Amino acid sequence: ATDVVASSVSAYTYKKHGNINIKGGLLIAISAVSAAILGSWLSGGMNSAALGGLTGVIILLMGISFRRKPINQRVEEFKEKFDLKFFRDREKFASVLFGTFIGLMTGVFGAGGGVMILMVLTFVLDYKTHIAIGTSVLIMTFTALFGSASHFLVEQHIPYLELFLSGS
């Protein structure tokens, strides 16, 4: 839920500079939001401490990885190693497929999914880095909003204090 505020502010900044392609990311957004709602309902019976801990470890490892090598360098290396023509030729299919996968991960683990969306936009759909970042942040705003709202409905509890502290 804390991703909602931070992502919306970032998305506004990227939009102001013309670095969002929402039309191209709309199928990913719709798929991700729908799957995030489903994922949050599916994770209702899971141990929240274990889910949170696993999410933290994954985010930490990704942060270390990106600290070692910047995203634009990773994009170029990835493009040299893998041929993603199949997905680029089927952009709508790829958007729905990856959007659904990302949304499920978002709903189950409670993460915003922005990095995964960013990777799909840059690696698979060949967006320029700034436009991919802006678009992924905007999509993440909505996946985080709907995923967290669904979690609150399933858990029947809104952690006001935690939201306030993490959003401050």
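Residues numbered from 1 in each chain as written. Predicted model: local features only at pLDDT ≥ 70, side-chain atom pairs only at ≥ 80, totals over all residues. Heavy atoms only, no water.

J.: Looking at this model, I keep getting lost on the overall build of the chain. Mind explaining?
T.: Of regular secondary structure, the chain possesses nine helices and zero strands. Going from the N terminus to the C terminus, the chain shows its helices and strands as α-α-α-α-α-α-α-α-α. A globule of 168 residues ought to have a C-alpha radius of gyration of about 15 Å, and the chain, at 16 Å, matches this closely. Summarising its shape, the C-alpha atoms of the chain cover approximately 45 × 30 × 30 Å along the three principal directions. Out of the 168 residues belonging to the chain, those deemed buried represent 36%. Considering only residue pairs separated by 6 or more positions, the chain has 77% of its internal contacts joining residues 24 or more positions apart. For the chain, the exposed area adds up to about 10000 Å²; of that, 67% sits on carbon and sulfur atoms. Separation between the mean location of the 14 positive side-chain charges and that of the 10 negative ones in the chain comes to 6 Å. (Helix = DSSP H or I, 4+ residues; strand = E, 2+ residues; numbered from the N terminus. Rg over C-alpha atoms; globule rule 2.2 N^0.38 Å. Buried < 20%, exposed > 50% of the residue type's maximum accessible area, 1.4 Å probe, protein only. Contact = heavy atoms within 4.5 Å. Areas by Shrake-Rupley, 256 points an atom, 1.4 Å probe, with all protein chains shown as cover. Lys, Arg positive; Asp, Glu negative; His and termini not counted. Charge placed at Lys NZ, Arg CZ, Asp CG, Glu CD.)

J.: Would you mind going over the environment of Thr-135 with me for this structure?
T.: With respect to the secondary-structure elements, Thr-135 resides in helix α8 (residues 129-155). Residues Thr-135 and Glu-162, 27 residues apart in the sequence, show an inter-C-alpha distance of 27 Å. Not counting the four nearest positions on each side in its chain, Thr-135 is found in contact with Asn-19, Ile-20, Asn-21, Gly-25, Leu-121 and Tyr-127. There is a polar contact of 2.9 Å between the side chain of Thr-135 and the backbone nitrogen of Asn-21. (Polar contact = N/O pair within 3.5 Å; in protein donor to acceptor, adjacent residues only side chain to side chain.)

J.: When you look at the nonpolar core in this model, what are you seeing that I'm missing?
T.: Membership of the largest hydrophobic core comes to 18 residues, with the highest contact counts inside it found for Ile-28, Val-120, Leu-121, Val-124 and Leu-125. Those elements that provide at least two residues to this core are α2 (22-42), α6 (91-109), α7 (114-124) and α8. Sort the elements by how many residues they give to this core and α7 lands first, with six residues. (Core = buried A, V, L, I, M, F, W, Y, C linked by side-chain atoms within 4.5 Å.)

J.: Looking at this structure, how should I read the packing of aromatic side chains?
T.: The geometry of two aromatic rings is summed up by the distance between their centres and the angle between their planes. Scanning all chains against the criterion turns up three aromatic pairs. Each ring, one from Phe-86 and one from Phe-87, has its centre 5.2 Å from the other, and the planes form 80°; the classification is edge-to-face. Phe-86 gets classed as partly exposed once you look at its relative accessible area, which sits at 45%. A ring pair is formed by Phe-86 and Phe-93, whose centres lie 6.4 Å apart and whose planes are at 85°; its orientation type is edge-to-face. Aromatic rings pair up to connect Phe-86, Phe-87, Phe-93 and Phe-98 into one cluster. (Phe/Tyr/Trp six-rings, centres within 6.5 Å; stacked < 30°, edge-to-face > 60°.)

J.: Even after reading the chapter, I still don't get the side chain of Ser-95, so can you show me in this structure?
T.: Its location among the elements puts Ser-95 in helix α6. Residue classification places Ser-95 among the buried residues on the basis of a relative accessible area of 2%. Residues in contact with Ser-95, not counting those within four places in the same chain, are Leu-27, Ile-28, Ser-31 and Leu-125.

J.: What am I meant to see in α8 here?
T.: Every α-helix winds through 3.6 residues per turn, so residues three or four apart in the chain are directed the same way. Taking 1.5 Å per residue as the helical rise, α8 with its 27 residues ought to reach 39 Å, and the 37 Å between its terminal C-alpha atoms agrees with that figure. Once α8 ends, the next one or two residues include Gln-156, with phi positive near 55°. (Expected span 1.5 Å × (residues − 1).)

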